[in-house]
Every structure is written in structure tokens, then in C-alpha cells.
Amino acid sequence: MSLKTDKSIKKRLACIAVALICVFTSMAIPPASAEKTVEELNNEIAKIEQDIQENQEKLDEVEDDIRTNEDKLNDLNNQIDKINDQIDLLDESIDILNGDINSIQNNIEVTANDIDEINLRREEILLQIAETESLMAETEEMLLARIRENYMSGGTGSTLELLLSSEDMATFFARKELLTRVSEEDTRLITGLSEDINELNSLNAELEAKKTELEEKEESLNTQMSTLTEKQDDLESSKQIQQGKKNDVTDKQNEVKYILEDLDKDSDAYKAAIKRKEKEREALEAQIEAAIKQEGSIAGDEPDEEYNNDGKMMWPVPGSTRLTATYPSYSDGSPHWGIDIVRTDVTTKGSPFRAAQGGEVILALNDGNWNYGFGNYCIIDHGDGKHTLYAHAQTLYVSKGDIVQKGEEIGRIGDTGNTTGPHLHFEVRIKNSNGDVSRVNPLNYVSKP
Ligand SMILES: [Zn+2]
């Protein structure tokens, strides 16, 4: 029997369906039709068998997929971490840059204010210069008037000539003889005004220089500003590229997450199916143990005389045979507590099998039901705690309580219960003197002829 494969919920439903159809057919349809229905259902069960076998394979595939996708997800998470690091770095750079830009902006504003202030002061000074100049012009006019007056009242002709021929005030004042005619107060007034004008002019020049300096500074700040703004644009576009990459990776990550969710659901379904299978296995073992514990002989018991137990079991399948699975596990390592025998000379399905030793049938189920995966099966007690089990029969010729002889045909090989094909599943079970039942290697009791 192939306990390694698991069973879907479909199978359970099918079993229930079998039971229900059996009930209904036995009520409404004659026994001949009921048998036919059982045959059909057996075929159905055989079909479900294949599903079960594929179930574990699917689960393995799904688990492989899960591992692959989890690797993918880890990879994508790492990519996102790296991109986030890059974005953080860009954000830091942008923050620093924004600080620089703000301080330059402030600097430009301060400089522009300074220039405005200087312009205001220069305007004031130019105004002052103009005022002083007009004051000077008035004073000069006043002086000239006074000189003319002085001349009228008895000055020399040469003085008038000199005055009239003078092109400007500087020439005029250079003339020593005329200076002596000007009062000391007038001289101080003119000199004072002239000094004022000089002072204002030099202040104006200073401010002019300062303004030029500030304008140069402003220009340099504007250059810096545009460099930083370009850099800021570069950083922003880098950040946008990283953000785009991050979005792409996040999309992929979500896809993989959805795939993983689906796979987890599949995996859960397969695991649940396997769990049901394991429960079935436990139920089967409980059924067999109960039969042997309650009905079976104990090691040390003398076999019943009518068993004709000759102390040596025979190979349970006549003809040419081959083993497709042995005790205690399948080739893939999953447990298998018996040996699986097929015919190599004739078709296995429908060929007979026989009692390995004389004894009493203590369990026989020939109802065509699933029977926890063993299908039609029977157990024979040979005395002295030794028991043999025959499973997946097409049909059994024996019933509980029957006495069988060694080599007696007890049924035909089939594929009822959980199998991947027709074979006889044969087990040997020993009940020790304490009443404990164990499954032992049948090849220690029988050997292929
Ligand atoms: Zn088997």
C-alpha cells in the first residue's frame, strides 16, 4: 500500500459519497445494481488515488516555489534598503545645500540692503554738495559785489581789470593783492566752504568705491547661488530617479508577496491534506491493533491444533513475483511496514493470494470501502503471537472467524484503498507476551521462491 501519498478532501467527500450511494442503492435498487455501483465507485477511487499521489509532489513543488520566491523577496528587500540609503544620502545633501542656499540668499539680501543704504547716503551727500556749491556761489557773488563796491570807493583800475579778466575764482583768489582786500571773515567763509566740498567729494568717492565692492560681492554671490541651484536640481533629479527605482522594486516586491500568499494558501491546503492522511494512518493502525490486541494470540501461546501451523510461513503469492516496495520504508525514505508483491508472469489484478500459514481470520473487510487506505483487507492469527495481514484485495474469500489452512487461496489481488497500482501488501505483526504489537520485517518469515 502507498501510505506515503496523501489524500485531498475530494477523496473524503468521495468516500462519503460512496457510503451515501451505497445506502441509497441498497434501499432503492436491487443488489445486482448495488454491486455495479460499488465497481464504478472503485474506479472513481482509483482515479482519486492518482490525485493523492500528485498531492505530495505538488506540495514539494509549492514549497520549492515558496523558497524561490522568499529568496526573491529578500533580494528585493535588500535592493529597497540600498535605494533607501541612497535616498537618505541625497536628502542629507539636499538639506546641506538648502542651508547653503538660504545663507547665500540672506547674504544677497543683506548686500542689496547695504547697496540701497549706500545709494541713499550718496544721494544725501550729492544733495549736500549741491547745497554747498550753491552757498559758495552766493558767497562768491556777495564777495564780488563787495569788491566792486570797494573799487568804486577809490580802488585801483588794475584791480578792476584783474577782476574782470579773471576766468574763475581760483585765479581770482590767487591774486595776492586782491586777497588783501577781502576781509578775514570772508576768507574763512570761502575756505571753509571749499573744504566742505572737498570733504564731501572724497566721502562720495569712498561710497562709490564701497558700492562697487558690494556690487562685485553681489555678483559673486549670484554666481554661487546659480551653481548651488544647479546642484540642487541635479540632486532632486537623482532623488527622483531613485524614487522611481524604489517604486519599481516595491511593485515587484508586492507581486512576489501576492505570489507567496497564494503559495502559502496552496501549501496550507496540501499540508492539511497530508495531516488528514496521517490521521487516517493512525485510525488504520488503531483498527489493526485493536483487532490483534483483542482477538490475536500472544507469543508463547501454543497454536490451535486446527490451524495445522507447521512453523514455517510460505510466500503469499503463487507464480512469478517481484517486490515493488520493502520494509521498513519506500525508496524515498517514507515508512512502509510491509512488502508489496506484484506478479511478473500474469496480470497482477485479479490473480490469487494465499494464507502464509494456517490460522484464524480475526479481521476481514470486503466491503470495497476505503478502509483508511487498506481497501479490502484481512488479518490471520497463526498462534504464538504471529499474525499476517493482506491488503488492497480485489475481493476476499474469507470472513472473520474462518479457519484457513496454509496455502489456501483467501482472495484476489487488487488496488482497493490507497495504491498506485494493483499489488498485494503483506505484513507480519507480532504480539509479545506483554500484549504489545509490533510490525516486523516480513522477509524474516517468508522468502521469495
Ligand atoms: Zn504496501
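Enquirer: Is there a simple way to think about the nonpolar core in this case?
Expert: A general trend in soluble globular proteins is that nonpolar side chains are found buried together. Ranked by size, the top nonpolar core spans 37 residues in total, and within it Y377, C378, I379, Y390 and I410 carry the most contacts. Take this core: its biggest share by element is five residues, from strand 6 (residues 386-396). In contact with Y377, other than residues within four places in its own chain, are L365, N371, L389, Y390, A391 and A393.

Enquirer: Just checking my understanding: could you explain the environment of K72 for this structure?
Expert: In this structure, K72 sits in helix 2 (residues 31-152). Put simply, K72 and K257 are 185 residues apart on the chain and 9.8 Å apart in space, counted from C-alpha to C-alpha.

Enquirer: I would appreciate a short explanation of the pairing of strand 2 (residues 339-343) in the present structure.
Expert: Working note: regular strand, side chains alternate between the two faces of the sheet. Judged by how many residues are buried, strand 2 sits mostly within the fold: five of five residues are covered. Because side chains alternate across strand 2, one face comprises the buried residues I339, I341 and R343, and the other comprises D340 and V342, equally buried. Across four bridges, strand 1 (residues 321-325) lies against strand 2 in antiparallel orientation. Of the residues in strand 2, the one forming a bridge with T321 is R343. Where strand 2 and strand 9 (residues 424-431) come together, three bridges link them in antiparallel fashion. Paired with D340 across the bridge in strand 9 is H425.

Enquirer: Before we go on, may I ask you to explain the confidence of the model for the protein in this structure?
Expert: Caution is warranted with low-pLDDT regions, since their predicted coordinates should not be read in detail. When pLDDT is averaged along the protein, the result is 82, and 80% of the positions lie at 70 or above. The model gives residues 1-36 a pLDDT under 50, and that stretch makes 59 contacts with residues more than four places away or in other chains.

Enquirer: So what exactly am I meant to see when it comes to the environment of D64 here?
Expert: Summarising the element assignment, D64 is placed in helix 2. Overall, the presence of 11 C-beta atoms within 10 Å leaves D64 in the exposed class. Between the alpha carbons of D64 and L263 there is a distance of 9.9 Å; along the sequence they are 199 residues apart.

Enquirer: When you look at unusual backbone geometry in this model, what are you seeing that I'm missing?
Expert: Trans peptide bonds make up most of the peptide bonds, and negative phi angles are found at most residues other than glycine. Of the consecutive residues Y327 and P328, the connecting peptide bond is found in the cis state with omega at 5 degrees. Relative to the helices and strands, P328 resides in the loop between strand 1 and strand 2. Backbone geometry at N308 places phi at a positive 55 degrees, although glycine is not the residue there. Among the structural elements, N308 can be located in the loop between helix 6 (184-295) and strand 1. In this structure, Y372 takes a positive phi of about 60 degrees despite not being glycine. Locating Y372 in the fold gives a position in the loop between strand 4 (359-365) and strand 5 (376-383). On the basis of neighbour count, Y372 is assigned to the buried category, with 23 C-beta atoms found within 10 Å.

Basis of the calculations
Residues numbered from 1 in each chain as written. Predicted model: local features only at pLDDT ≥ 70, side-chain atom pairs only at ≥ 80, totals over all residues. Core = buried A, V, L, I, M, F, W, Y, C linked by C-beta atoms within 7 Å. Buried ≥ 20, exposed ≤ 12 C-beta atoms within 10 Å, placed from the backbone. Helix = DSSP H or I, 4+ residues; strand = E, 2+ residues; numbered from the N terminus. Contact = placed C-beta atoms within 7 Å. Pairing = 2+ DSSP bridges. pLDDT = per-residue confidence, 0-100.

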